[in-house]
Amino acid sequence: MASKKKSESPQTADSETLKSLLHSMLLQRRFEEKVGEAYALGKIGGFCHLYIGQEAVSTGTLSMLREDDYVITTYRDHGQAIARGMTPRSVMAELFGRIDGCSRGKGGSMHLFDRNLNFLGGHGIVGGHVPLAAGVGFAIKYRGGDQVIICFMGESVVNTGAFHEALNMAALWKLPCVFVIENNKYGMGTAVERAAAIKDLSTRAASYDGMYAEHVDGQDVMAVRDATSRALTHARKGQPVLLEVRTYRYMGHSMSDAVSGTYRTKAELDEYLKRDPINLFRAKLLESGDLSEEQFAAMEQEIKAIVQDSWDFADASPEPPAESLYEDVLVTTES
Amino acid sequence: MAVITYREALNQALREEMARDDRVFLMGEEVAQYNGAYKVSKGLLDEFGEMRVVDTPITELGFAGVGVGAAMVGLRPVIEFMTWNFAVLALDQVVNSAAKMLYMSGGQYPVPIVFRGPNGAALQLSAQHSQAFESWLAHIPGLKVVTPGTPYDAKGLLKAAIRDDNPVIVLEGEMLYNTKGEVPEDDYIVPIGKADLKREGDHCSIITSGKMVLVAMNAADQLAKEGIRVDVVDLRTVRPMDVEAITASVRKTNRAVVLEEGWEIAGIGAQVVDYIQRECFDDLDAPVVRVHQADVPMPYAKGLERAAKPDLAKTIAAVKKVMYVD
Ligand SMILES: Cc1ncc(C[n+]2csc(CCOP(=O)(O)OP(=O)(O)O)c2C)c(N)n1
Ligand SMILES: [Mg+2]
């Protein structure tokens, strides 16, 4: 959940905060596993992109944001929606195409929105939402506010024109934007090195004077928090940031893609599974004494119940009524 | 009433709306220091400052998206495209972002934005700089599309567009900017979605909009000398279209010519003809005739360009054809 406080220092996180980070990641993981089940049963349709493996990115970044900051992302948006504080119920109901979904059943998996949380949506055109983030940054500056926007994107986005057009304007106009590249190594089946003529993606920022850039281990939630903390400091002063977070997706690109697929080996996947962000963090907390085995078991139980409840809620929620078909095409205003 | 140019009318609309609502800002290439590629934004930088009159790099996709993002969080951007030919690079933001946001967010995120600029052909600018895009844009649910043909309508429609909470496309015309007409000094708007009967006659309807309104008015003048009285229906908005105004005219005249600047296939005129056949089938005394650009990219040579464009002679010939004279 977005913190009400100003960004705290990631280093001084207390036991409760540490446990809440683990809780956030585990909730995303178990939620996505449930989504996979529901998809197999035909409860969910269309394109559906799971976030499993990348949870330290959403939790690490969004746990540092203020409530009045903004978030925008891609179609791979379930994890970030939950990490931002959207309820599993409203997300699951959206995936089920029901009226209680966060987008009233009009958006589906790729288009989760929540105005109350300044969650400006999942967007389906690769690269297309990056200029929108610059626009939100422009509006913040226009009003003289000190909020920021975090814009998540897959690593394929760095090769699009929209990305460069947006970063250029963000740097030119000193907009409070943090552009987060979730480098999970693949855009569908295309490995990053087969698509980007650059190894270190964060160096794309070198084209834009004044932009702050770094890359960080995306399987280490505390490292992501650290990097986010630095990023926010720069962005709140009007210095845009390009943050490359190196992660991995454990599932296929979407539900129609086999887990390892034709484009990567089982051996590679197994190698990355050793650095599962949730296992790593749990082990760390057990070792430091911030978490006990009993507490973890209880957390698992609690999350299992939350996720089951989201399914039950979604299943019971009505389909959108026929008359809603023509609603929300236009706002009806008097000019 | 003051007689001013179409360009000045647009300038007044921008100035008045920016003065009345500080969420309104103008963004685009050359809009600020250069005073606008076509001088529509003349003087606005001095009056409103550089946060509200914003020069952009040549980055249509990017700044169209900046507008959409700013609109999502409460500003009211007016995005100027130097011409709509260049806006093709930005159509992802117009079509996939602006037009879809309200719907796919289940009503949470309106996008109160105006995309405006000159549309269609000027003179001898050839293939890449002479395209009319009204049918492309009118195809998209989630957009409104207005096509003012006179200074009065330009000011009133632009003001209405800026006050509207939806994405509104304003298609202007380079060849219109210097045309003059009466424009009231006091605050008024022209409602979006309402056609205007620009000329009354009972022999034949010409249904048109935008730059072609002037052609239709000239045709009506010429035909009047031959005793043919033409109704000129200026649609003013091509989405949503004022079907009642079309049918009222055709029911009166029983004959129709549909005149548009763009190409024939899937053009705006095709939609008008569909409304006519649905609503006025039994009223028609002749098949409807369409006048439009030849089905070719716009050529450069003067003679070829003239042959490609819809014009006065073609419009008069079309009216005579539906009247079965000549
Ligand atoms: C402009 C555009 N082209 C193609 C697609 C189809 N597509 C959807 S996701 C995707 C891969 C994107 O990969 P990446 O940016 O790395 O994000 P990831 O899926 O890994 O999160 C492609 C090609 C699209 N949605 N938009
Ligand atoms: Mg990827």
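All figures in this text were calculated on a predicted structure; none of them were measured in a lab.

The rules behind these values
- Within any chain, residue numbers begin from 1 and follow the written order of that chain's sequence.
- Whichever chain is written first is A, and whichever ligand is written first is 1; the rest continue in order.
- Where local features are concerned, this predicted model is filtered to residues with pLDDT of at least 70; where side-chain atom pairs are given and counted, the filter is 80 or more; whole-chain, interface and lining totals use all residues.
- Computation of side-chain values covers all heavy atoms of the structure but excludes hydrogens and water.
- Here a helix means four or more residues in a row that DSSP labels H or I, a strand means two or more in a row labelled E, and each is numbered from the N terminus.
- Atoms counted for the radius of gyration: C-alpha only. Globule rule: 2.2 Å times residue count to the power 0.38.
- Each residue is placed in one exposure class: buried if its accessible area under a 1.4 Å probe, protein chains only, is under 20% of its type's maximum, exposed if it is over 50%, and partly exposed if it falls in between.
- Joining through side-chain atoms within 4.5 Å is the link that ties buried Ala, Val, Leu, Ile, Met, Phe, Trp, Tyr and Cys residues into a set, and such a set is a nonpolar core.
- The contact rule is simple, with two residues in contact once any of their heavy atoms fall within 4.5 Å.
- For this document, the term salt bridge refers to a Lys or Arg side-chain nitrogen within 4 Å of an Asp or Glu carboxyl oxygen.
- Any N, O or S atom lying within 2.8 Å of the metal counts as a donor, with the limit raised to 3.2 Å for Na, K and Ca; because water is left out of the atom set, some sites can appear incomplete.
- Residues are classed as near a molecule or strand on a simple rule: at least one heavy atom within 4 Å of it.
- Polar contacts here mean pairs of N or O atoms no more than 3.5 Å apart (in protein, one a potential hydrogen donor and the other a potential acceptor; neighbouring residues in sequence count only if both atoms are side-chain atoms).
- A 1.4 Å probe and the Shrake-Rupley method give the accessible areas. Residues count as covered only by the protein chains that appear here.
- Polar here means any residue other than Ala, Val, Leu, Ile, Met, Phe, Trp, Tyr, Cys and Pro, which are nonpolar, and Asp, Glu, Lys and Arg, which are charged; Gly is therefore polar.

**Student:** Help me understand the overall build of chain B in this model?
**Tutor:** For chain B, the count of helices and strands is 13 helices and 14 strands. Against the globule reference of 20 Å for 326 residues, chain B gives a C-alpha radius of gyration of 19 Å, in line with a compact fold. Overall, the C-alpha framework of chain B stretches about 60 × 45 × 40 Å when taken along its three principal axes. In chain B, buried positions account for 60% of the 326 residues.

**Student:** Even after reading the chapter, I still don't get the nonpolar core, so can you show me in this structure?
**Tutor:** Buried together is how nonpolar side chains tend to be arranged in soluble globular proteins. Counting 86 residues, the largest nonpolar core has Phe138 and Phe179 of chain A together with Phe115 and Leu137 of chain B as its most contacted members. It is helix α5 (residues 130-143) of chain A that contributes the most residues to this core, 9 residues altogether. Setting aside residues up to four positions removed in sequence, Phe138 of chain A forms contacts with Trp173 and Leu175 of chain A together with Phe25, Met27, Met51, Val54, Val66 and Leu75 of chain B. Formed by 60 residues, the second largest nonpolar core is a distinct cluster that contains Leu50, Leu65, Leu117 and Leu285 of chain A.

**Student:** What's the story with the pattern of salt bridges in this structure? I'm lost.
**Tutor:** If the charged atoms of two oppositely charged side chains come close together, the side chains can form a pair. Residue and element names in this part refer to chain B. Scanning the model with the defined rule gives 48 salt bridges over all chains in all. Where Glu17 meets Lys159, a salt bridge forms, and the shortest distance between an N and an O atom there is 2.9 Å. With Glu17 in helix α1 (residues 6-20) and Lys159 in helix α8 (residues 151-163), the pair connects residues that are 142 residues apart, well separated along the chain. For the pair Glu17 and Lys159, one class covers both residues: buried.

**Student:** Mind showing me how you'd approach the coordination of the magnesium ion (ligand 2) here?
**Tutor:** Six octahedral donors around a metal ideally make angles of 90 or 180 degrees; four tetrahedral donors ideally make 109.5 degrees. Residues and elements named next belong to chain A. Within the protein, Glu155 (OE), Asn184 (OD1) and Tyr186 (O) serve as the donor atoms for the magnesium ion (ligand 2), at 2.0 to 2.1 Å. Sequence spacing among the residues donating to the magnesium ion (ligand 2) works out to E-x28-N-x1-Y. Separated by 31 residues along the polypeptide, Glu155 in the loop between β3 (149-154) and α6 (161-172) and Tyr186 in strand β5 (residues 186-187) bring together distant segments of the chain. For the pair Glu155 and Tyr186, a shared accessibility class is recorded, and that class is buried.

**Student:** Would you mind going over the site of ligand 1 with me for this structure?
**Tutor:** All names here are of chain A. The environment of ligand 1 is formed by 14 residues, the closest being Tyr75, Arg76, Gly124, Asn184 and Tyr186. Contacts to ligand 1 include Glu155, whose side-chain N or O atom sits 2.9 Å from an oxygen atom. Within the contact set of ligand 1, an oxygen atom lies 3.5 Å away from a side-chain nitrogen or oxygen of His253. Burial of ligand 1 by the surrounding chains reaches 70%, relative to a free accessible area of 580 Å². When the residues that make up the shell around ligand 1 are grouped by side-chain class, the tally is 6 nonpolar, 6 polar and 2 charged.

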